[in-house]
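Each chain, written out:
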Amino acid sequence: MAASPVTTRFAPSPTGFLHLGHAHSALLAWRAAREAGGRFLLRIEDIDRARCRPEYTAAILEDLAWIGLDWDGPVRVQSEHFPAYRAVLDGLSRRGLLYPCFCTRAEIAREVAAIGAAPHGPDGPLYPGTCRRLPAELRAARLAAGDSYALRLDMAGALAAVGEPLFFEERGEGRLRCDPASFGDVVLARKDTPASYHLCVTHDDALQGVTLVTRGEDLKAATSLHRLLQALMDWPAPAYRHHPLLRGPDGRRLAKRDGAVAIRAMRAEGLDAAAVRSAAAGGG
Ligand code: GLU
């Protein structure tokens, strides 16, 4: 069978019930696939075991089906694939592109405060590189002592390994230049979570053959980092479409805290699926 020209996906994190904003995102991805005769995949991004709940996963699938979305193939559940993400981390470690970081949040905050005007990236102040400069014997001693650590990308090393400026294709805007350095030495595996969102999302988009990533504009900055990981790993680069976030009547973006916009709450109030779907499409 010939590969379909378009594969899109919806990749929610099951930290709460599906709300209109998610449904909007899901609908855009679903439509982009269906209108092109392509594939629409559903992926559950539940690597953060402290915040994600299986009951939310079940509810998300039910709510998507209720508004009439169907997906192709089995649902990929990230928490079932930690060894695959580990293998990517091991590969980057072997290339000398990761280092263990033992710093606590408080230690980092203190150091950032001491620097004064520490540079900021999309996720806040950049890590000052303390553990990158740790003498080898000290690092070895802390590892031997079993101290817990996160794994950080050595950004300068990663940029040197790629060696050329990176771009991504944003539908409707064209080729945009990436700025991965703005993330600094980003965490790719946290102390309490064996792999980060950035690593898992790029790994899975490549593995699943996603050709068009549609997601909210709040994730547009992260695409620079995702392109860097794709380039480092020789993964193909999908095209992107970052859509405006659905906003409430007050102009604020919809969030999980606005319980009233949960799809199940609307269903419980007796709204029919077509009306909810139309609201999710942006039709009021
Ligand atoms: N799992 C992410 C979220 O729920 C979305 C990831 C993506 O679409 O790239 O915010």
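Parameters and conventions
Residues numbered from 1 in each chain as written. Predicted model: local features only at pLDDT ≥ 70, side-chain atom pairs only at ≥ 80, totals over all residues. Heavy atoms only, no water. UniProt positions renumbered as here; feature names shortened; annotations may be inferred. Pairing = 2+ DSSP bridges. Helix = DSSP H or I, 4+ residues; strand = E, 2+ residues; numbered from the N terminus. Axes fitted to C-alpha atoms, helices over the stretch in contact; angles between N-to-C directions. Contact = heavy atoms within 4.5 Å. Near = heavy atom within 4 Å. Polar contact = N/O pair within 3.5 Å; in protein donor to acceptor, adjacent residues only side chain to side chain. Nonpolar A, V, L, I, M, F, W, Y, C, P; charged D, E, K, R; others polar. Buried < 20%, exposed > 50% of the residue type's maximum accessible area, 1.4 Å probe, protein only. Core = buried A, V, L, I, M, F, W, Y, C linked by side-chain atoms within 4.5 Å. Disulfide = S-S within 2.5 Å.

- An unreviewed UniProt entry annotates the protein chain as tRNA glutamyl-Q(34) synthetase GluQRS of Muricoccus nepalensis.
- Looking at the Sequence similarities (unreviewed entry) heading of the UniProt record, one finds this comment for the protein chain: "Belongs to the class-I aminoacyl-tRNA synthetase family."

1. Let's talk about the sheet that holds strand β10 (residues 187–189)
Here is step 1: If you trace the three strands from one edge of the open sheet to the other, you get β4-β7-β10, paired in antiparallel fashion. Of all strands in the sheet, those bounded by a partner on one side alone are β4 (98–101) and β10. Ignoring which end each strand starts from, the neighbouring axes of this sheet average 45° apart.
Here is step 2: As defined by bridge partners, β4 adjoins strand β7 (residues 150–153) across four bridges and the pair is classed as antiparallel. Paired with C101 across the bridge in β7 is A150.

2. Things to note about the environment of F82
Here is step 1: Within the secondary structure layout, F82 lies in helix α3 (residues 82–94).
Here is step 2: Look past the residues within four positions of F82 in its chain and what remains in contact with it is I47, R49 and P194.

3. So, the site of the ligand
Here is step 1: Close to the ligand lie R9, A11, P12, S13, E45, Y197, V201, R215 and L219.
Here is step 2: Here a nitrogen atom of the ligand sits 2.7 Å away from a polar atom, N or O, in the main chain of A11.
Here is step 3: Within the side chain of S13, one N or O atom sits 3.0 Å away from a nitrogen atom of the ligand.
Here is step 4: Looking at the shell around the ligand residue by residue, the classes come out as five nonpolar, one polar and three charged.

4. Concerning the side chain of T7
Here is step 1: Along the chain, T7 turns up in strand β1 (residues 7–10).
Here is step 2: The buried category is assigned to T7, whose relative accessible area is 5%.
Here is step 3: Setting aside residues no more than four positions away along its own chain, T7 makes contact with R39, L41, Q208, G209, V210, T211 and L212.

5. Brief notes about the sheet that holds strand β2 (residues 39–44)
Hydrogen bonds between backbone groups are what pair the strands of a sheet, and the pairing can be parallel or antiparallel.
Here is step 1: What the three strands build is an open sheet, ordered β1-β2-β3; its pairing is parallel. At either end of the open sheet lies a strand with only one pairing partner, and these are β1 and β3 (76–77).
Here is step 2: The pairing of β2 with β3 spans two bridges and is classified as parallel. By the bridge assignment for β3, R43 is matched with R76.

6. Section: the nonpolar core
Here is step 1: Counting 34 residues, the largest nonpolar core has L92, L153, L188, L199, L228 and L232 as its most contacted members.
Here is step 2: Of all the secondary-structure elements, those providing two or more residues to this core are α3, β7, α6 (155–162), β10, α7 (197–207) and α8 (222–233).
Here is step 3: Discounting chain neighbours no more than four positions away, the residues touching L92 are L97, L98, L188, L199, L232 and M233.
Here is step 4: With 23 residues, the next largest nonpolar core counts L18, L20, I60 and L64 among its residues.

7. Remarks on the state of the cysteines
Here is step 1: Scanning all chains against the criterion turns up zero disulfides.
Here is step 2: Between C101, a free cysteine, and C103, which holds the nearest cysteine sulfur, the sulfur-to-sulfur gap is 4.0 Å.
Here is step 3: Judged by relative accessible area, which is 1%, C101 ranks as buried.
Here is step 4: The thiol sulfur of C103 is not disulfide-bonded, and the nearest other cysteine sulfur, from C131, lies at 3.7 Å.

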